[in-house]
Number of protein chains: 2
Amino acid sequence: MSIVTCDMAVSVDGYTAGTDQRMDAPFGDGAEGLTTWMLDEPQAHAAEIGAITAAGAFVMGRNMFGPGRGGWDLGWTGWWGAEPPYHAPVFVLTHHAREDLPMEGGTTFHFVTGGVDEAVARAREAAGDRDVAIAGGAATVNQCLAAGVVDELRLHVAPVLLGRGERLFEGVPRTGLVPVSVRQTPLVTHLTYAVARAQPSSRSGDDARAQ
Amino acid sequence: MSIVTCDMAVSVDGYTAGTDQRMDAPFGDGAEGLTTWMLDEPQAHAAEIGAITAAGAFVMGRNMFGPGRGGWDLGWTGWWGAEPPYHAPVFVLTHHAREDLPMEGGTTFHFVTGGVDEAVARAREAAGDRDVAIAGGAATVNQCLAAGVVDELRLHVAPVLLGRGERLFEGVPRTGLVPVSVRQTPLVTHLTYAVARAQPSSRSGDDARAQ
């Protein structure tokens, strides 16, 4: 059955990015270590990377797609070059409407102005029997957790305390989780939790996952 | 070799206690789940509990010992009754000097007014060849991490997002960690990290642990 998943690379103290995020350092200063496991050792983490890219549709925040409003005006096409790694529809949350943007390799960016609920509903429809992945950043993940639309949370915890930056779980109310699995390598600890639904969701039929 | 350890029960979003901590709810509202693994299923977590209680001396903050200043004046002897579970010297950080307080079963509370460095130094001396454990609460752990005196951090992560409360790692600067072990049960995920020392400590000879 199709579920909504969320993969986040995070420090032990709960940051998903450092400070001063910019073009040449999209994760911000000091936060390179959060994704070392994925970029430097993909073979050792093939199962987790495969689970991320298996989704049938993605939802992401505007900052994950591009740097501010300017990018829209200048024809910005995302951080990933001509062939983004999604190979599926990607629904970008924004306040600024824009035409669909088809890229090479099966990725099409759709720009959604109706908020998280609309983005997730359209992603579910596009994904069919496959999962929908909330791709980040932290603000979007927090919004989706607070809205109760995430079924499975997969934290990729890098062994570092960052001390400052963008915080995961900010503004997310009390939520029950159920441990699903854990795996540790020298570069990362993979923690998977099912999200316990506080109340039945009218959008989906998968409330059997709730505690 | 003797090291300084720190065990903390924490939620997935990094809280060590809920809000409104008081006499009949010392962890605060909503945070009972943080210690369920230890209180309800001690057999299933005997190794982790044993590692905590094996320390030769403990350091704790004033709030972990008692509720505010009043407790001192009224002859407060801690939360734990006549025989506290430490069975070793416990060094309590406080601004209010007080005579040593011997309890049944080998626990003696010593009240230290000279700050973390003095408390850890006295605990090291008292522990001899055994480890020193930083017992909490979060503010004391954060102070010890910031001071660079912790060698091993053992997080006991309960599967819940609390949303608010007392935060672990607040004010702790950027720090490298090295994954040591992980173990998951339905009630908790045990994560052990060695703390990478940024610079040699003049207090100890165990810098071989540093990265």
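Data block above holds the structure.
Just so we're clear, the structure is a prediction, and the values are computed from it rather than from any experiment. (Residues numbered from 1 in each chain as written. Chains lettered and ligands numbered in written order. Predicted model: local features only at pLDDT ≥ 70, side-chain atom pairs only at ≥ 80, totals over all residues. Heavy atoms only, no water.)

Enquirer: Would you mind showing me how to read the relation of the copies chain A and chain B here?
Expert: There are two copies of the chain, and a rotation about an axis plus a shift along that axis relates them. For the pair chain A and chain B, the best superposition has an RMSD of 0.0 Å and corresponds to a rotation of 180° with a translation of 0.0 Å parallel to the axis. A rotation of that kind, with that shift, is consistent with a two-fold axis. It is G14 of chain A whose C-alpha, among those of chain A, lies nearest the rotation axis, at 3.6 Å. When you check the interface residues of chain A against chain B, 100% turn up at the interface there too, and the contact is symmetric in its surfaces. (Least-squares fit on C-alpha atoms with pLDDT ≥ 70 in both. Contact = heavy atoms within 4.5 Å.)

Enquirer: Would you mind showing me how to read the packing of aromatic side chains here?
Expert: The geometry of an aromatic ring pair comes down to the distance between the two centres and the angle between the two planes. Residue and element names in this part refer to chain A. Inspection of the entire model under this criterion finds 12 aromatic pairs over all chains. Plain terms: the ring middles of W80 and Y86 are 5.3 Å apart, the flat faces sit at 85° to each other, and that makes the pair edge-to-face. Taking relative accessible area as the criterion, W80 reaches 23% and is therefore assigned partly exposed. An aromatic cluster of at least three residues, connected via ring pairs, comprises F58, F65, W80, Y86, F109 and F111. (Phe/Tyr/Trp six-rings, centres within 6.5 Å; stacked < 30°, edge-to-face > 60°. Buried < 20%, exposed > 50% of the residue type's maximum accessible area, 1.4 Å probe, protein only.)

Enquirer: Even after reading the chapter, I still don't get the pairing of strand β4 (residues 89-93) of chain A, so can you show me in this structure?
Expert: Looking along a regular strand, one sees side chains alternate from face to face of the sheet. Residues and elements named next belong to chain A. Counting buried residues along β4, four of its five residues qualify, which places the element largely inside the surrounding structure. Of the strand pairs in this sheet, strand β3 (residues 57-60) and β4 are connected by three bridges, and their pairing is parallel. By the bridge assignment, M60 is partnered in β4 with V92. Of the strand pairs in this sheet, β4 and strand β6 (residues 108-112) are connected by five bridges, and their pairing is parallel. From the neighbouring strand, V92 faces β6, where its bridge partner is F111. (Helix = DSSP H or I, 4+ residues; strand = E, 2+ residues; numbered from the N terminus. Pairing = 2+ DSSP bridges.)

Enquirer: Explain empty space enclosed by the protein here, please?
Expert: Over the atoms rolls a probe the size of a water molecule, and its path tells where empty space is left. Applying the stated criterion across every chain, the model contains one cavity of 30 Å³ or more. Its volume calculated, the largest cavity comes out at about 290 Å³. Lining the largest cavity are 22 residues; nearest its centre among them are S11, V12 and G14 of chain A together with V12 and G14 of chain B. Contributing elements (two or more residues each) for the lining of the largest cavity: β1 (4-11) and β8 (152-158) of chain A together with β1 (4-11) and β8 (152-158) of chain B. Within the lining of the largest cavity, the residues separate by chemical class into 14 nonpolar, four polar and four charged. (1 Å grid on protein atoms, 1.4 Å probe; cavity = no way out; pocket = protein on both sides within 12 Å on 5 of 7 lines; lining within 4 Å. Points joined across faces, edges and corners; volume = space filled by probe spheres on them. Nonpolar A, V, L, I, M, F, W, Y, C, P; charged D, E, K, R; others polar.)

Enquirer: I'm lost on unusual backbone geometry in this one. Help?
Expert: Trans peptide bonds make up the majority, and among non-glycine residues the majority have a negative phi. Across the junction of G136 of chain A and G137 of chain A, the peptide omega takes the value 0°, indicating a cis bond. One can find G137 of chain A in the loop between β7 (132-136) and α6 (138-146). Positive phi values are uncommon outside glycine, yet H87 of chain B reaches one of about 50°. Mapping H87 of chain B onto the fold places it in the loop between α4 (68-73) and β4 (89-93). The class of H87 of chain B is partly exposed, set by a relative accessible area of 43%.

Enquirer: For this particular structure, what's the right way to read the interface of chain A and chain B?
Expert: Think of interface size as the accessible area that goes away when the parts come together; that is how it is often given. Every contact between the two is made by 29 residues of chain A and, on the other side, 29 residues of chain B. Regarding the contact of chain A and chain B, the summed buried area is about 2,500 Å², with carbon and sulfur atoms giving 61% of it. One can count two salt bridges joining chain A with chain B. A salt bridge links E170 of chain A to R167 of chain B; the nearest nitrogen and oxygen atoms lie 3.6 Å apart. Listed by contribution, the elements that provide at least two residues to the side of chain A that touches chain B are β8, β9 (160-161), β11 (175-185) and β12 (188-195) of chain A. It is β11 of chain A that contributes the most residues to the side of chain A that touches chain B, nine residues altogether. By residue class, the composition of the side of chain A that touches chain B is 17 nonpolar, eight polar and four charged. (Buried area = accessible area lost by both parts, 1.4 Å probe. Salt bridge = Lys/Arg side-chain N within 4 Å of Asp/Glu carboxyl O.)

Enquirer: Would you mind going over the sheet that holds β4 of chain A with me for this structure?
Expert: The strands making up a sheet associate through hydrogen bonds between their backbones, and the pairing can be parallel or antiparallel. Strand order in this open sheet of 10 strands is β5(A)-β6(A)-β4(A)-β3(A)-β7(A)-β1(A)-β8(A)-β12(A)-β11(A)-β9(B), and the pairing throughout is mixed. Bordering the open sheet on either side are β5 (101-102) of chain A together with β9 (160-161) of chain B, each of which pairs with just one other strand. Across four bridges, the pairing between β3 of chain A and β7 of chain A is parallel. Paired with M60 of chain A across the bridge in β7 of chain A is G136 of chain A. Here helix α5 (residues 115-127) of chain A sits on the sheet in contact with β1, β3, β4, β6 and β7 of chain A, set at roughly 175° to β4 of chain A. In the packing of α6 of chain A onto the sheet, the strands contacted are β1, β3, β4 and β7 of chain A, and the crossing angle to β7 of chain A comes to about 135°. (Axes fitted to C-alpha atoms, helices over the stretch in contact; angles between N-to-C directions.)

Enquirer: Please clarify how the nonpolar core should be interpreted in this entry.
Expert: In a soluble, globular protein the nonpolar side chains are often hidden away together inside. By size, the foremost hydrophobic cluster in this structure holds 68 residues, and its most contacted members are V59, I134 and L155 of chain A together with V59, I134 and L155 of chain B. Setting aside residues up to four positions removed in sequence, L155 of chain A forms contacts with M8, V10, L168, F169, T189, H190, L191 and Y193 of chain A together with V12 of chain B. (Core = buried A, V, L, I, M, F, W, Y, C linked by side-chain atoms within 4.5 Å.)

Enquirer: Which parts of the structure should I look at to understand the side chain of H190 of chain A?
Expert: Residues and elements named next belong to chain A. Turning to its location among the elements, H190 is positioned in strand β12. We classify H190 as buried; its relative accessible area is 4%. Engagement of the side chain of H190 in a polar contact is seen with the side chain of H156, the distance being 2.8 Å. The contacts of H190, once residues within four sequence positions are left out, are W37, H45, E48, L155, H156, S181, V182 and R183. (Polar contact = N/O pair within 3.5 Å; in protein donor to acceptor, adjacent residues only side chain to side chain.)

Enquirer: Sorry if this is basic, but what is going on with the pattern of salt bridges here?
Expert: Any two side chains of opposite charge can pair, given that their charged atoms come close. This structure, assessed with the given rule, holds 12 salt bridges over all chains. Each of R167 and E170 of chain A together with R167 and E170 of chain B takes part in salt bridges that share partners, so that together they form one network.

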